[in-house]
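Now for the letters of each chain:
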Amino acid sequence: MPVPRLSRCLWRPMRFCLSLLARVQAANWTLGLYHGVGRNPPAPRSSDTKRARDSREPNRSQICRSDVYLLFAFMNELNIENLHIAVNGQEIVRGLTLRVPRGEVHALMGPNGSGKSTLAKVLAGHPDYQVTAGRVLMDGENLLELEPDERARRGLFLAFQYPSEIPGVTIANFLRAALQSRVPEGEELEATDYYAKLYEKMELLGMDRSFTSRAVNEGFSGGEKKRAEILQLAMLEPKYAVLDETDSGLDIDALKTVAHGVNSLRGPDLGILLITHYQRLLNYIVPDYVHVMVGGRIVRSGRKELALELEERGYDWAREGAVEPAFR
Ligand SMILES: Nc1ncnc2c1ncn2[C@@H]1O[C@H](COP(=O)(O)OP(=O)(O)OP(=O)(O)O)[C@@H](O)[C@H]1O
Ligand SMILES: [Mg+2]
């Protein structure tokens, strides 16, 4: 029987969708990811628990939806699984699991010495720290196998808690070299475009243009260093940004300016891990999720209200009754 014209038109896209689903299904089973992949879930409400009990068996439409969701979740997140980090034989991070999808801001809080900066440095590829177990995937790719510059080129950015000074290298040349390293070989960054973008971002962050000719962080005040870090973030436009105590050393006006700069970069293409001690910053950069890290593990996770509760009750409360680790 001849196939009607409309069916013939629909056959190609239908065949593509079916093969896509088949591939996702295969990937799920191969990687053992059929359940449990996706965003860090908020704590279930009692009504949710009942609903979950009533519908433990997924129906066909749920499976299809979760398959498609899995494909995108898997490809668009920074996925840290059961990470253990040691330095000089001492274990600092002890089984940390965390997912930061693109488009979300996750705040990471925790007492001094809990391992927040250690985690940030390992993500960026600091050679002094040994990953003794676990893995980190960025958009499905094993991050820990890449050199630090490769990680940056793939779209990871770290704003340091203690930014280094680079005497003799001006901010303008530093950022230009960083951007140039990302364009395909043989291509040149257009100088006029570059400076237009640089000045636009500096204005956004309330930085004077004279900073472009100053050596990176040399003689900068604490607040100026933090602005310079966010300027790098704005210029490099990464997929994932880890901001380690970007608020420390900022006066209240500078805090608002920096928060405005970060907020202007928020969007579906950027995932942010925001390390901070203070609820104050989270009034300006409102996180999607808040995680509390104690003793090298995430001990609590929740929505933005968790930061308020933490400020009221302190870290001892976070330690007590902690579910460790909070998310798997
Ligand atoms: N290179 C290193 N050599 C020895 N110990 C280290 C090193 N780096 C980190 N540590 C130790 O690991 C622990 C965690 O340090 P880290 O800087 O990650 O904490 P943090 O959570 O960022 O603290 P803070 O809130 O004060 O910034 C600390 O006890 C620190 O002394
Ligand atoms: Mg730190």
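Residues numbered from 1 in each chain as written. Chains lettered and ligands numbered in written order. Predicted model: local features only at pLDDT ≥ 70, side-chain atom pairs only at ≥ 80, totals over all residues.

## Topic: the overall build of the chain
Turning to step 1, where the next piece is worked out: Scanning the chain for helices and strands turns up 11 helices and 12 strands.
Turning to step 2, where the next piece is worked out: Counting the 328 residues in the chain, one finds 31% classified as buried.
Turning to step 3, where the next piece is worked out: A sequence separation of at least 24 residues applies to 74% of the contacts in the chain between residues at least 6 apart. (Helix = DSSP H or I, 4+ residues; strand = E, 2+ residues; numbered from the N terminus. Buried ≥ 20, exposed ≤ 12 C-beta atoms within 10 Å, placed from the backbone. Contact = placed C-beta atoms within 7 Å.)

## A word on the site of ligand 1
Turning to step 1, where the next piece is worked out: Inspection of the region around ligand 1 gives 13 residues, with N112, G113, K116, S117 and T118 positioned closest.
Turning to step 2, where the next piece is worked out: Counting residues per element, the shell around ligand 1 draws most heavily on helix α4 (residues 116-124), which supplies 3 residues. (Near = placed C-beta within 6 Å.)

## Describing the environment of G140
Turning to step 1, where the next piece is worked out: Along the polypeptide, G140 turns up in the loop between β4 (130-138) and β5 (141-142).
Turning to step 2, where the next piece is worked out: Once the C-alpha coordinates of G140 and E77 are considered, the two residues, 63 residues apart in sequence, prove to be 7.7 Å apart.

## Focus on unusual backbone geometry
Turning to step 1, where the next piece is worked out: Backbone geometry places N88, a non-glycine residue, at a positive phi of 50 degrees.
Turning to step 2, where the next piece is worked out: Note that N88 resides in the loop between β1 (77-87) and β2 (90-101).
Turning to step 3, where the next piece is worked out: For N88, a count of 8 C-beta atoms within 10 Å corresponds to the exposed category.
Turning to step 4, where the next piece is worked out: The phi angle at E237 is positive, at roughly 45 degrees, despite the residue not being glycine.
Turning to step 5, where the next piece is worked out: Inspection of the secondary structure puts E237 in the loop between α8 (222-236) and β9 (240-244).

## Thoughts on the nonpolar core
Turning to step 1, where the next piece is worked out: Judged by nonpolar contacts, the single largest core of 63 residues is most densely connected at A107, L123, A159, I230, A241 and L274.
Turning to step 2, where the next piece is worked out: Other than its neighbours up to four places away in sequence, I230 contacts A159, L205, T246, V258, G261 and V262. (Core = buried A, V, L, I, M, F, W, Y, C linked by C-beta atoms within 7 Å.)

## With respect to the sheet that holds β1
Turning to step 1, where the next piece is worked out: Within the open sheet, the 4 strands sit side by side as β2-β1-β4-β5. Their pairing is antiparallel. Every other strand in the sheet has two partners, leaving β2 and β5 as the edge strands with one partner each.
Turning to step 2, where the next piece is worked out: Where β1 and β2 come together, 9 bridges link them in antiparallel fashion. Following the sheet pairing, V87 is matched in β2 by Q90.
Turning to step 3, where the next piece is worked out: Sheet strands in contact with α4 are β1, β2 and β4, and its direction is about 70 degrees off that of β2. (Pairing = 2+ DSSP bridges. Axes fitted to C-alpha atoms, helices over the stretch in contact; angles between N-to-C directions.)

## Some thoughts on the sheet that holds β9
Turning to step 1, where the next piece is worked out: Strand order in the open sheet formed by 6 strands is β6-β9-β10-β3-β11-β12, with mixed pairing between adjacent strands. Either end of the sheet is taken by a strand with one partner, and the two such strands are β6 (156-159) and β12 (297-302). Neighbouring strand axes in the sheet, compared pairwise and without regard to direction, differ in orientation by 20 degrees on average.
Turning to step 2, where the next piece is worked out: Two elements, β9 and strand β10 (residues 271-275), share 5 bridges in a ladder whose sense is parallel. Within the sheet, the bridge partner assigned to V242 lies in β10 and is L273.
Turning to step 3, where the next piece is worked out: Its contacts with the sheet place α4 against β3 (105-109), β6, β9, β10 and β11 (289-294), and it is angled at close to 140 degrees to β6.
Turning to step 4, where the next piece is worked out: Sitting on the sheet, helix α11 (residues 305-319) is in contact with β3, β11 and β12, with an inclination near 15 degrees to β11.

## What to know about the packing of α8 against helix α9 (residues 252-265)
When two helices pack together, their arrangement is given by the angle between the helix axes and the distance between those axes.
Turning to step 1, where the next piece is worked out: Between α8 and α9, the least distance of the axes is 10 Å, while the angle of their chain directions is 10 degrees. When the axis of α8 is compared with that of α9, the two are roughly parallel. Residue-level inspection shows G223, K226, R227, I230, L233 and A234 of α8 in contact with α9, the latter providing A254, V258, G261, V262 and L265.
Turning to step 2, where the next piece is worked out: Split into classes, the residues belonging to the contact of α8 with α9 amount to 7 nonpolar, 2 polar and 2 charged. (Parallel < 35°, antiparallel > 145°, perpendicular 65-115°, else oblique. Nonpolar A, V, L, I, M, F, W, Y, C, P; charged D, E, K, R; others polar.)

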